[in-house]
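Examining the three-dimensional arrangement
As a plain string of letters, each chain reads:
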Amino acid sequence: QLSLFRLTMKRLFSASHSSVDSKEMKKFQLLAHKWWDEEGEFSALHSMNDIRVPFIRDTLLNMSSNYHLGNPLSGVKILDVGCGGGLLSEPLGRLGASVTGIDPLEDNIRTADQHKSFDPVLAKRIQYKSSSLEEIVEESMETFDVIVASEVVEHVADLETFIKCCSQVLKPEGSLFITTINKTQLSYVLGIVVAEKITGIVPEGTHEWEKFVPPEELEHLLESNGFSVKTVNGMLYNPLSGLWSWMESTSVNYAMHAVKSGAQGQSSPTDTLSEMESEQPSATAGTTV
């Protein structure tokens, strides 16, 4: 009886507080088989790996004293939220991390599973699951060292719920990496008019400007949910070269690194010192790569 009640309550909760947007699901359903076409609709995400992977890797290495040559992220448990076809999960797995990739769209997971199966090493290191973030919270409390949500928060239905769930599944002092799009006039012109309507770099209708998130708003949400924001770096995509680079301005795309507060919620002087030491290099990790 009690377990049936719990299950009913869980279903009710997840139905009313889900961060999954059904309209977004329909958009990506049509593209699920195209994830690994480097010249296709996801080409900008493929080339984003050139800067987002080193940013994640170098930030984590600057915070750690354990170096594993060849497998720098060995022993690190990463959750890739909204993993799509596995474009970011795979390079993180190659760096030695143990990666769990989740996506609410089954077709995306099927594509990701099929692609990793070509590499026996990745097949062992990466596990994919068709699931929303809320659905794994109960079984994954404080499980992960790192969460990556790259190009995801601009598609979620309820950002606060999403951030709360990230905090729940992260270990104390775990890292959260987010890349997303700012909500500015420039991001409307470049992110929607140019990218979708003129050049077709991104399929039309992929983004809704209303759902873009200003970095100040994201920082505030993170800070009020027990995170400390360490780094915010602007990102620039050049549609002619198809390459990404770091820039000062966050007016269009940006990357953010935040750390969940420790178990006690209070840092000792030595913690603060080590944070300052690790913060300095990580703040420039993106720009020096």
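Heads up: the structure comes first, above all this text.
The sections below set out a description of the structure shown in this document.

Analysis parameters
- Each residue is numbered by its place in its chain's sequence as written, counting from 1.
- Where totals are concerned, whole chains, interfaces and linings use all residues; where local detail is concerned, this predicted model gives features only for residues with pLDDT of at least 70, and gives and counts side-chain atom pairs only at 80 or more.
- With hydrogens and water set aside, each side-chain value is computed from the structure's full complement of heavy atoms.
- We define a salt bridge as a side-chain nitrogen of Lys or Arg found within 4 Å of a carboxyl oxygen belonging to Asp or Glu.
- In this description a helix means any DSSP run of H or I spanning at least four residues, a strand means any run of E spanning at least two, and both kinds are numbered starting from the N terminus.
- Each residue gets one of three labels from its accessible area relative to the maximum for its type: buried under 20%, exposed over 50%, partly exposed in between, using a 1.4 Å probe on protein chains only.
- Here is the rule: rings of Phe, Tyr and Trp (six-membered ring for Trp) pair when centre to centre is within 6.5 Å. Planes less than 30 degrees apart are stacked, more than 60 are edge-to-face, and the remainder are tilted.
- In this analysis the charged atom, NZ for Lys or CZ for Arg, is taken to sit over a ring once it is within 6 Å of the ring centre and within 35 degrees of the ring normal.
- When DSSP finds at least two bridges between two strands, those strands are taken to pair.
- What counts as an axis is a line fitted to C-alpha atoms, over the stretch in contact for a helix, and the angles between N-to-C directions run from 0 to 180 degrees.
- The contact rule is simple, with two residues in contact once any of their heavy atoms fall within 4.5 Å.
- Here a helix's expected span is defined as the number of its residues, less one, multiplied by 1.5 Å.
- Orientation categories follow fixed angle ranges, with anything under 35 degrees roughly parallel, anything over 145 roughly antiparallel, 65 to 115 roughly perpendicular, and all other angles oblique.
- In this scheme the handedness of a crossing depends on how the near helix is turned from the far one: anticlockwise by less than a right angle means left-handed, clockwise means right-handed.
- Polar contacts here mean pairs of N or O atoms no more than 3.5 Å apart (in protein, one a potential hydrogen donor and the other a potential acceptor; neighbouring residues in sequence count only if both atoms are side-chain atoms).

Thoughts on the pattern of salt bridges
In the structure shown here, the tally under the stated rule is 11 salt bridges. Among the ionic pairs, Lys129 bridges to Glu139, the shortest N-O distance being 2.8 Å. Of this pair, Lys129 sits in strand E3 (residues 126-130) while Glu139 is found in the loop between helix H7 (133-137) and strand E4 (144-150), placing the two residues 10 residues apart along the sequence. The partly exposed category is assigned to Lys129, whose relative accessible area is 28%. The salt bridge partner of Asp145 is Lys171, with a shortest N-O separation of 3.0 Å. You can see Asp145 sitting in strand E4 and its partner Lys171 sitting in strand E5 (residues 170-181), a full 26 residues away along the chain. Judged by its relative accessible area of 23%, Asp145 is partly exposed.

Side note on the packing of aromatic side chains
By the definition in use, this model includes five aromatic pairs. Aromatic side chains Trp35 and Phe42 sit 3.8 Å apart centroid to centroid with 5 degrees between the ring planes, which places their arrangement in the stacked category. Like Trp35, the residue Phe42 is buried in the burial classification. Their ring planes at 90 degrees and their centres at 6.4 Å tell us that Tyr188 and Trp209 sit as a pair that is edge-to-face. Note that Tyr188 is positioned in helix H9 (residues 185-198) and Trp209 in the loop between H9 and helix H10 (215-223), a separation of 21 residues in sequence. Through successive ring pairs, a cluster of aromatic residues spans Phe55, Phe177 and Trp246. Over the ring of Phe144 we find Lys77; its NZ or CZ atom is 5.9 Å from the centre of that ring. Lying across the ring of Trp209, Lys183 places its NZ or CZ 5.3 Å from the centre.

A word on the pairing of strand E7 (residues 243-247)
Across the two faces of E7 the burial differs, with Trp244 and Trp246 buried and Leu243, Ser245 and Met247 not buried at all. By the bridge criterion, five bridges tie strand E6 (residues 227-238) to E7 in an arrangement that is antiparallel. Its bridge partner lying in E7, Tyr237 is registered against Trp244. In sequence, E6 turns back onto E7 through a hairpin of four residues, with Gly242 there showing a positive phi of about 75 degrees.

Let's talk about the sheet that holds E3
Strands belonging to one sheet form pairs held by backbone hydrogen bonds; the direction of such a pair is parallel or antiparallel. Strand order in the open sheet formed by eight strands is E3-E2-E1-E4-E5-E8-E6-E7, and the pairing between neighbours is mixed. A strand with exactly one partner marks an edge of an open sheet, and here the two such strands are E3 and E7. Averaged over all neighbouring strand pairs, the angle between strand axes comes to 20 degrees, with direction disregarded. In this structure, strand E1 (residues 77-81) lies alongside strand E2 (residues 98-103), joined through five bridges in parallel fashion.

A few points about the environment of Phe212
Position of Phe212 among the secondary structure elements: in the loop between H9 and H10. With 28 residues separating them along the chain, Phe212 and Thr184 place their C-alpha atoms 8.5 Å apart. Contact partners of Phe212, with chain neighbours within four places excluded, come to Glu154, Ile181, Asn182, Lys183, Ser187, Ile192 and His207.

Structural notes on H9
Between its first and last C-alpha atoms H9 spans 17 Å; for 14 residues at 1.5 Å apiece the expected length is 20 Å, and the helix comes up short by more than 12%. Of the surrounding elements, those touching the buried residues of H9 are E5. A positive backbone phi angle near 70 degrees is found at Gly200, which sits one or two residues after H9.

Focus on the packing of helix H8 (residues 159-169) against H10
It is at 10 Å that the axes of H8 and H10 come closest, and there the two elements cross at 45 degrees. Relative to H10, the element H8 lies oblique. As H8 packs across H10, the resulting crossing turns out to be right-handed. Along the contact surface, H8 presents Leu159, Glu160 and Ile163, while H10 presents Leu218, Leu221 and Leu222.

With respect to the pairing of E6
Examined bridge by bridge, E6 and strand E8 (residues 253-260) share eight bridges and lie antiparallel to one another. Across the sheet, residue Val229 finds its bridge partner in E8, namely Ala258.

Observations concerning H8
By the criterion of burial, H8 is predominantly enclosed, with eight of the 11 residues buried. Taken together, the buried positions of H8 are occupied by Leu159, Thr161, Phe162, Ile163, Cys165, Cys166, Ser167 and Val169. One side-chain oxygen at the N-terminal end of H8 lies 3.2 Å from the backbone nitrogen of Glu160; it belongs to Asp158.

Regarding unusual backbone geometry
A positive phi angle, close to 45 degrees, is found at Glu142, a residue other than glycine. Along the chain, the position of Glu142 falls in the loop between H7 and E4.

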